[in-house]
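Each chain is listed here by its residues.
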Amino acid sequence: MQEIKNYVETHKQRFLDELFELLRFPSVSADPKYKGDVLKTADYVAQKLKDAGADNVEICETAGYPIVYGEKIIDASLPTVLIYGHYDVQPADPLELWQTPPFEPTVRDGKIYARGACDDKGQFYMHVKAFELMMETNTLACNVKFMIEGEEEVGSANLGIFVKANAERLKADVVLISDTSMISMEHPSIETGLRGLAYMEVEVVGPNRDLHSGVYGGAVANPATILCKMIASLHDENNHITIPAFYDKVIELTDEEKKALNSAPYDEEEYKKDLNIDEVWGEKGYSTLERTGTRPTLEVNGIWSGYIGEGAKTVLPSKANAKISMRLVPNQSSEEIAEIFTKHFESIAPKNVKVKVTPHHGGEPVVTPTDSIAYKAAEKAIEDSFGKTAIPTRGGGSIPIVALFEDVLGIKSVLFGFGLDSDALHSPNEKYDIFNYYKGIETLPLFHKYFAELSK
């Protein structure tokens, strides 16, 4: 551990400078105008893998953005760790809510503020620097393969094709992913499950053009009003989702499972203070930890219609749109949920409007084993690095490719994140603690050490 700390201390400024370079690339995969920047980011990642000592580094073309691959095979008889991450980021909008430019990393109070700081550039780059550390100190204990993609934030549409076509090349004993969070640095944790996702877009269309709200208001159905009523009807008075068959395959936690989940440190007053809200909200009969980790949800991610510019325009809009995401739990299928959502949403539309539902991307929920060699290696790494036992938690987010790796490659994943839920992922002023960044670089080599030892 001391050798690891010494190396990080010696190179900490360079580690930070390199991350800042990476964060300056506006690698927004959702917006075609950033295509050149996304490709430059892939080039940068590939070069840094080479610099760290990886062999066979390649920028693998796909029908979308490329996947950066690299490896270090030191002994075929040793276990192999496949490291997954993504170099693309969410759009930075709304820009006016950022305190500092989203693609000019800025340090405030020991935290790096930039789009992608935590999700996922700061986290996957820990692995690159940890790999460099192991190479330079001659302590690499496992074979390592890197697969860093550029389309995670838009559903990883081409990753499955790549994985299936390269199953032999990607053969490994475990997938190691840092795209999740811990409870806190005082209470280190390891996520043991993720929710799935079904992402939909809906459109409600009324008259064939925008209308004068005085001339036509009260005589023609307003699509914006209709859409709001339809969305509101998707939850009942207990915040229970009203779509028929939505909960049919949801398995309730046992009393023991609930007790274990709710034993994780959680301060509701601090939670509310951090978000500047007066009360929490959610499905009646469940705690916040249950709602965000083990229960399915339905949320409106965006809604638009009519005139939203400065000043006033008295218009009755011709159409209204919304983007809706549903987080899913084990046994729920993204395809089935998308289908029943579509059927239900179309069925509740009044006859004076037309409705169109478009499924976007989805992914399946997963639960990872806590009795595996890989999980035990992560536990021992946490214990050495933090001096504390890791708390198993369930993540509220989705990483659809975890189920893909299990189906295609036949291997489980370890969700070894060092971010925090308060890091404003997907929001303005995304951040990542410098301490967490360095702590990850210190802890990851211990995972490799223990994974090799426990695999013997």
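Residues numbered from 1 in each chain as written. Predicted model: local features only at pLDDT ≥ 70, side-chain atom pairs only at ≥ 80, totals over all residues. Heavy atoms only, no water.

By the naming in an unreviewed UniProt entry, the protein goes by Dipeptidase and is assigned to Pedobacter jamesrossensis.

K.L.:
Would you explain the pattern of salt bridges in this entry?
P.N.:
Two side chains carrying opposite charge are able to pair once their charged atoms lie near each other. Tallied over the full model, the rule gives 21 salt bridges. A salt bridge links glutamate 18 to lysine 129; its shortest N-O distance comes to 2.7 Å. Of this pair, glutamate 18 sits in helix H1 (residues 2–23) while lysine 129 sits in helix H3 (residues 121–136), and the two are 111 residues apart along the sequence. Exposure remark for glutamate 18: the relative accessible area of 7% places this residue in the buried category. Judged by relative accessible area, which is 2%, lysine 129 ranks as buried. In this structure, glutamate 201 and lysine 323 form a salt bridge, with 2.7 Å as the shortest nitrogen-oxygen distance. Residue glutamate 201 is located in strand S11 (residues 196–205), and its partner lysine 323 is located in strand S15 (residues 319–328); the two are separated by 122 residues in the primary sequence. Residue classification places lysine 323 among the partly exposed residues on the basis of a relative accessible area of 26%. Taken together, the shared-partner salt bridges in this structure form one network comprising Arg14, Glu18, Lys129 and Glu132. (Salt bridge = Lys/Arg side-chain N within 4 Å of Asp/Glu carboxyl O. Helix = DSSP H or I, 4+ residues; strand = E, 2+ residues; numbered from the N terminus. Buried < 20%, exposed > 50% of the residue type's maximum accessible area, 1.4 Å probe, protein only.)

K.L.:
Looking at this model, I keep getting lost on the sheet that holds strand S5 (residues 111–113). Mind explaining?
P.N.:
Sheets are built from strands paired through backbone hydrogen bonds, the pairs being either parallel or antiparallel. Taking strand neighbours across the sheet as the criterion, the 3 strands line up as S4-S5-S21 in an open arrangement whose pairing is antiparallel. Each end of this open sheet is capped by a strand with a single partner; those strands are strand S4 (106–108) and strand S21 (431–433). Strand-to-strand twist across the sheet, computed as the mean angle between neighbouring axes with direction ignored, equals 30°. (Pairing = 2+ DSSP bridges. Axes fitted to C-alpha atoms, helices over the stretch in contact; angles between N-to-C directions.)

K.L.:
It is not clear to me how the UniProt feature "domain: Peptidase M20 dimerisation" (unreviewed entry) in the protein should be interpreted in this structure. Could you clarify?
P.N.:
What UniProt calls "domain: Peptidase M20 dimerisation" (unreviewed entry) maps, in this numbering, to residues 192–351. In residues 192–351, the share of helix is 28% and the share of strand is 22%. The end C-alpha atoms are 46 Å apart. (UniProt positions renumbered as here; feature names shortened; annotations may be inferred.)

K.L.:
Looking at this structure, I do not really get the sheet that holds strand S13 (residues 297–305). What am I missing?
P.N.:
Strand order in the open sheet formed by 4 strands is S13-S15-S11-S16, and the pairing between neighbours is antiparallel. For this open sheet the edge positions go to S13 and strand S16 (354–363), each flanked by a neighbour on one side alone. Sheet twist, expressed as the average angle between the axes of neighbouring strands with direction ignored, equals 15°. Pairing of S11 with S16 involves 8 bridges; the strand directions are antiparallel. Among the inter-strand pairings, glutamate 201 is bridged to a residue of S16, identified as threonine 358. Docked against the sheet, helix H5 (residues 223–232) engages S11, S13, S15 and S16, running at close to 15° with respect to S15. (Contact = heavy atoms within 4.5 Å.)

K.L.:
I tried to follow the nonpolar core on my own but got confused; where do I start?
P.N.:
Nonpolar side chains tend to gather and get buried jointly when the protein is soluble and globular. The biggest cluster of nonpolar side chains holds 69 residues, and the ones touching the most others in it are Tyr87, Phe416, Tyr437 and Phe447. At the level of secondary structure, the elements contributing two or more residues to this core comprise H1, helix H2 (35–52), strand S3 (80–86), H3, strand S6 (143–149), strand S7 (174–177), helix H10 (373–386) and helix H12 (434–454). No other element matches the 10 residues that H12 contributes to this core. The next biggest cluster of nonpolar side chains, apart from the first, holds 28 residues, and it includes Ile241, Tyr247, Ala320 and Phe341. (Core = buried A, V, L, I, M, F, W, Y, C linked by side-chain atoms within 4.5 Å.)

K.L.:
I'm lost on the packing of H1 against H12 in this one. Help?
P.N.:
To describe two helices that pack against each other, one gives the angle between their axes and the distance between the axes. Viewed as axis vectors pointing N to C, H1 and H12 meet at an angle of 130°, and their least axial separation amounts to 10 Å. Comparing their axes, H12 and H1 come out oblique. Once H1 is placed against H12, the crossing between them reads as right-handed. Contacts from Ile4, Lys5, Val8, Lys12, Gln13, Phe15, Leu16 and Leu19 of H1 reach H12 at Ile434, Tyr437, Tyr438, Lys439, Ile441, Glu442, Pro445 and Leu446. Here the residues of the contact of H1 with H12 sort into 11 nonpolar, 1 polar and 4 charged. (Parallel < 35°, antiparallel > 145°, perpendicular 65-115°, else oblique. Left-handed = near helix turned anticlockwise from the far one by under 90°. Nonpolar A, V, L, I, M, F, W, Y, C, P; charged D, E, K, R; others polar.)

K.L.:
Please clarify how the packing of aromatic side chains should be interpreted in this entry.
P.N.:
In total, this model carries 12 aromatic pairs according to the counting rule given. With centroids separated by 5.7 Å and ring planes inclined at 65°, the aromatic side chains of tyrosine 84 and phenylalanine 405 adopt a geometry described as edge-to-face. In this pair, tyrosine 84 sits in strand S3 while phenylalanine 405 sits in helix H11 (residues 401–409), placing the two residues 321 residues apart along the sequence. Here tyrosine 266 and tyrosine 271 contribute two aromatic rings whose centre-to-centre distance is 5.5 Å and whose plane-to-plane angle is 65°, an arrangement assigned as edge-to-face. Accessibility expressed as a relative area gives 31% for tyrosine 271, which makes it partly exposed. The structure contains a cluster of three or more aromatic residues connected by ring pairs, namely Phe416, Phe418, Phe447 and Phe451. (Phe/Tyr/Trp six-rings, centres within 6.5 Å; stacked < 30°, edge-to-face > 60°.)

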